[in-house]
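# Descriptive structure summary
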Amino acid sequence: MADGPEKDEKTEEATAKRLNEAREEGQVPFSSEIMSAATLVAGLLAFVTVGPRLAQAAGAGVAGGLARVGDLGPAELDDHSFVALLRGAVQGVLPTLLMLILPVVILAAVIGLAQVGGLRLSPKAVQPKPNKLDPIAGLKRMFSVTAWTRTGLAALKLIALGTTVVLVTWKDILRVGNLAGGDLGPVVRAIGFLASKVAIAGVLAILALSIFDLWFQRTQFAKDMRMSKKEIKDENKSTEGDPMVKARIRQIQREVASRRMMEAVPDATVVVTNPTHFAVALDYDDQSSGAPRVVAKGVDQVAQRIKSVAREAGVLIYEDPPLARALHRSCDIGDEVPEDLFAAVAGVLAYVYRVQGKAPLTA
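Below is a summary of the structure that appears in this document. (Residues numbered from 1 in each chain as written. Predicted model: local features only at pLDDT ≥ 70, side-chain atom pairs only at ≥ 80, totals over all residues. Heavy atoms only, no water.)

## Quick look at the overall build of the protein chain
The condition that has to hold: Helix numbers and strand numbers start at the N terminus; a helix is a DSSP run of H or I with at least 4 residues, a strand a run of E with at least 2. We call a residue buried when its accessible area falls under 20% of the maximum for its residue type, exposed when it is over 50%, and partly exposed in between, using a 1.4 Å probe and counting protein chains only. Any pair of residues with heavy atoms lying within 4.5 Å of one another is described as a contacting pair. In short, Shrake-Rupley with a 1.4 Å probe defines the accessible areas, and a residue's cover is counted only from the protein chains shown.
Counting its secondary structure elements, the protein chain contains 12 helices and 6 strands. For the protein chain, with 363 residues in total, the buried portion stands at 27%. Counted over contacts in the protein chain with a minimum sequence separation of 6, partners at least 24 positions apart contribute 74%. Carbon and sulfur atoms form 63% of the exposed surface of the protein chain, whose accessible area is close to 23900 Å².

## Things to note about the nonpolar core
To keep it simple, the criterion reads: Side-chain atoms within 4.5 Å link the members of a nonpolar core, which is a set of buried Ala, Val, Leu, Ile, Met, Phe, Trp, Tyr and Cys residues.
Membership of the largest hydrophobic core comes to 19 residues, with the highest contact counts inside it found for Val270, Val272, Leu282, Leu323, Leu327, Leu341 and Val345. Contributions of two or more residues to this core are made by strand S3 (270–273), strand S4 (278–283), helix H11 (321–330) and helix H12 (342–356). Ranked by residue count, the leading element in this core is H12, at 5 residues. With near-sequence residues (within four places) excluded, Val270 lies in contact with Val280, Ala281, Leu282, Val315, Leu316, Tyr318, Val348, Leu349 and Val352.

## Side note on a negative patch on the surface
We count it as follows: Like-charged residues within 9 Å of one another, or nonpolar side chains (Val, Leu, Ile, Met, Phe, Trp, Tyr) within 5 Å, are grouped into patches, provided each residue has over 30% relative accessible area and no salt bridge. Salt bridges are counted wherever a side-chain nitrogen of Lys or Arg sits within 4 Å of a carboxyl oxygen of Asp or Glu. Charge assignment: positive for Lys and Arg, negative for Asp and Glu; neither His nor the chain ends contribute. Charge coordinates come from a single atom per side chain, which is NZ of Lys, CZ of Arg, CG of Asp or CD of Glu.
There is a patch of like negative charges on the surface, built from Asp267, Asp283, Asp285 and Asp286. Topologically, Asp286 is positioned in the loop between S4 and strand S5 (293–299).

## Remarks on the pairing of S5
Quick note on the threshold: Strands are treated as partners if at least two bridges between them are detected by DSSP.
Most of S5 is tucked away, with 5 of its 7 residues classed as buried. Alignment of S4 against S5, held across 6 bridges, turns out to be antiparallel. By the bridge assignment, Ala279 is partnered in S5 with Gly298.

## Examining the pattern of salt bridges
For the structure shown, the criterion picks out 2 salt bridges. Between Glu336 and Arg293 there is a salt bridge, with its nearest N and O atoms 3.3 Å apart. Remark: Arg293 occurs in strand S5 and Glu336 occurs in the loop between H11 and H12; sequence separation between them is 43 residues. Judged by its relative accessible area of 38%, Glu336 falls in the partly exposed class. Its relative accessible area of 37% is what places Arg293 among the partly exposed residues. Across the salt bridge formed by Asp332 and Lys297, the nearest N and O atoms sit 3.6 Å from each other. Linking Asp332 in the loop between H11 and H12 with Lys297 in strand S5, this pair joins segments that are 35 residues apart in sequence.

## Description of a nonpolar patch on the surface
Among the surface-exposed residues, Leu94, Leu97, Leu98, Ile101, Leu102, Val105, Ile106, Leu107 and Val110 lie close enough to one another that they form a single nonpolar patch of about 720 Å² accessible area. With respect to the helices and strands, the residue Leu98 is situated in helix H3 (residues 79–116).

## A word on unusual backbone geometry
You will see that Asp300, though not glycine, has its phi angle at about 55°, which is positive. Within the secondary structure, Asp300 is located in the loop between S5 and helix H10 (301–313).

## Considerations on H11
Three- or four-residue spacings in an α-helix give side chains the same orientation, since the helix completes a turn every 3.6 residues. When H11 is considered as a whole, its buried residues turn out to be Leu323, Ala324, Ala326, Leu327 and His328. In this fold, the buried residues of H11 make contact with S3, S4, S5 and H12.

## A short note on the sheet that holds S3
Applied cut-off: Axis definition: a line fit to C-alpha positions, over the contact stretch in the case of helices; interaxial angles, taken between N-to-C directions, run 0 to 180 degrees.
Taking strand neighbours across the sheet as the criterion, the 4 strands line up as S5-S4-S3-S6 in an open arrangement whose pairing is mixed. Each edge of the open sheet is held by one strand with a lone partner, namely S5 and strand S6 (316–319). Taking each pair of neighbouring strands and ignoring which way they run, the sheet shows an average axis angle of 20°. Alignment of S3 against S4, held across 4 bridges, turns out to be antiparallel. In the strand pairing of S4, Val272 is matched with Val280. The sheet contacts of H10 involve S3, S4, S5 and S6, and relative to S5 the element is tilted by about 130°.

Encoded structure:
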């Protein structure tokens, strides 16, 4: 029995790499209900705005067509005359019809792109996948939480629409019925008003359900994309490299750097030391105009190795604890001695030259 979550239990949020791979395979949170609701809202607004103009254009087209038919008289309507009548009717209605359709199409495209994060081609999404033909996997999808939720939303949509229609029309239906037998104008206006209320209430109900569906799709997608701690660890290994391998590489790099540093000690001019902890090897070429340069440094065991190599090579070891600590703290390997230590280092080099019997050090 396990006291905590198993290693493969998916308890961690998906990484950016996992989400990017899912998108390349066409897996994104997508709500078709929000698309339907958006197109219904756009269609309703466009119809309210353009509807009267569309009705006027359609009426003008019908009237024009009847007038042309009247002009033709009892003559037989040939193909050329029929096409001309049809073209005239379409040309009269088409601009207004486009004003009604285009907003719906544009809004649907915007909502769709917003859900998937913009336009992006995903070749993997259209590749054939044999696992989709697996009947067992198909049954699992049919009885999954997502499938049951979609079925429930469809049933809830029908119930909501039916309830909305009943509630909205309950009070007005009797008033419209009392207009029966009266003038056509008031009846048409009452029916139009009632139809508008039903349409608006129905769209609002569908919009509320679509917002819930959008929330559910995103929540379910985030849950499906969850990763186990082992998966995250494996992903980090694949992207950043195995920590053990990286540590080994760093160790090798340190060993190479240390070996090169030790190879430079025999050619040093002097090694400044703290007797037990610090050692800094300096190299100075009195034929150049440059300052002394640090060619090796170390503490504790490394310092002892530097001094050992220096003794074997006959390099002078000079004990000056404050200067050794200052050089170790202020300089990296390859750096020139800073100006604030020039005087102290010059004194050390002068001592070295006296011991070696060389010419005095000059500024």
